[in-house]
Amino acid sequence: MKFSITNKLITKGQIVILVVLVVALGAALLVQNKFLRIYDPEFVLLDLDVDQFRLNLPLSQHKQGAMVQVLSPGCPCNGFSRDHIGLLTKKSQKYVDHFVWLVGAGEDSVRQRYAESLGIPIQNVQWRTQRELSWLPATPAALIVNRDQRLAYVGPFSDGVRCTSDNSFVDRVLGNVATGLTVFTQLNSQVHGCFCQL
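Residues numbered from 1 in each chain as written. Predicted model: local features only at pLDDT ≥ 70, side-chain atom pairs only at ≥ 80, totals over all residues. Heavy atoms only, no water.

Our next topic: the sheet that holds strand β4 (residues 65-71). Taken together, six strands build an open sheet; the order of strands is β6-β5-β4-β8-β9-β10 and the sheet is mixed. A strand with exactly one partner marks an edge of an open sheet, and here the two such strands are β6 (125-128) and β10 (186-187). In the sheet, strand β8 (residues 141-146) pairs with strand β9 (residues 151-155) via four bridges, with the strands oriented antiparallel. Of the residues in β9, the one forming a bridge with A142 is G155. In the packing of helix α3 (residues 108-118) onto the sheet, contacts are made with β4, β5 (96-103) and β6, and the angle to β6 comes to roughly 135°. Seen against the sheet, helix α4 (residues 170-178) touches β4, β5, β8, β9 and β10 and runs at an angle of roughly 15° to β8. (Pairing = 2+ DSSP bridges. Helix = DSSP H or I, 4+ residues; strand = E, 2+ residues; numbered from the N terminus. Contact = heavy atoms within 4.5 Å. Axes fitted to C-alpha atoms, helices over the stretch in contact; angles between N-to-C directions.)

What follows covers the state of the cysteines. Counted according to the given criterion, the structure contains two disulfides. Each disulfide pairs two cysteine sulfurs, and for C75 the partner residue is C196, the sulfurs being separated by 2.1 Å. Measuring handedness by torsion sign, the sulfur bridge of C75 and C196 sits at about 85° and is right-handed. Taken together, the positions of C75 in the loop between β4 and α2 (78-92) and C196 in strand β12 (residues 196-197) put the pair 121 residues apart, joining distant regions of the chain. On the basis of relative accessible area, C75 is assigned to the buried category, the value being 6%. In this model C77 forms its disulfide with C194; the gap between the sulfur atoms is 2.0 Å. The disulfide joining C77 to C194 has a torsion of about -70° about its S-S bond and is therefore left-handed. Taken together, the positions of C77 in the loop between β4 and α2 and C194 in strand β11 (residues 192-194) put the pair 117 residues apart, joining distant regions of the chain. The two residues C77 and C194 agree in class, both being buried. (Disulfide = S-S within 2.5 Å. Buried < 20%, exposed > 50% of the residue type's maximum accessible area, 1.4 Å probe, protein only.)

Before going further, it helps to spend a moment on the side chain of Q149. Among the structural elements, Q149 can be located in the loop between β8 and β9. Residue classification places Q149 among the buried positions, given a relative accessible area of 12%. One polar contact links the side chain of Q149 to the main-chain carbonyl oxygen of L57, over a distance of 2.7 Å. In this view, Q149 contacts F53, R54, L55, N56, L57 and L59; residues no more than four positions away in its chain are not counted. (Polar contact = N/O pair within 3.5 Å; in protein donor to acceptor, adjacent residues only side chain to side chain.)

Okay, the pattern of salt bridges next. Overall, the coordinates contain five salt bridges when judged by the stated rule. With its nearest N and O atoms 3.3 Å apart, the salt bridge here joins K91 to D171. Taken together, the positions of K91 in helix α2 and D171 in helix α4 put the pair 80 residues apart, joining distant regions of the chain. Ionic pairing is found between D148 and R150, a salt bridge with its closest N-O pair at 3.5 Å. A relative accessible area of 38% means that D148 is categorised as partly exposed. (Salt bridge = Lys/Arg side-chain N within 4 Å of Asp/Glu carboxyl O.)

By the criterion of burial, β5 is predominantly enclosed, with eight of the eight residues buried. Here β4 pairs with β5 via seven bridges, running parallel. Among the inter-strand pairings, Q69 is bridged to a residue of β5, identified as V100. Note on the crossover from β4 through α2 to β5: the handedness is right-handed. Of the pairings in the sheet, the one linking β5 to β6 comprises four bridges and is parallel in character. (Right-handed = clockwise from strand over helix to strand, strands pointing away.)

Following this line, the structure appears as structure tokens:
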């Protein structure tokens, strides 16, 4: 079936393609307007006393530190960093312990799914309230600690919409922590990317 608009013939297939493109553009604009933002626009991280702050994680005896992934399960930005986080976890499991803090409250099945997807024990995946994380501006976020539990890094995994090893802040810090040397705290707050505000 063909329609005539201003003396041009348009097929159903062309209309479907046009509708798909309009919907995709609308979705992209929605994500851009709602989730593309500065990680810490109110400079919340600058109030963090890094000399006194400790995460007190149960570290394995032979590990050099830990990485905590802080994720909001409903945040669409998680999907943009999922592959990179999985690769980071696999690459660094020999050297650092891995934990996931999920913001909110939910089912154990959600914890199980995250644990299985990252290959970490379920007890390392925990629910945290927004109040407990009031010092953190947005998710997804990475927290990395040295062996002595001092913060080595707080902030997003990377710059930009899509998280990869090419634009990662975390890869280098994890590599330095893995050597066993103390890494001084890096607060990464003024990064533009896809984040869900806490």
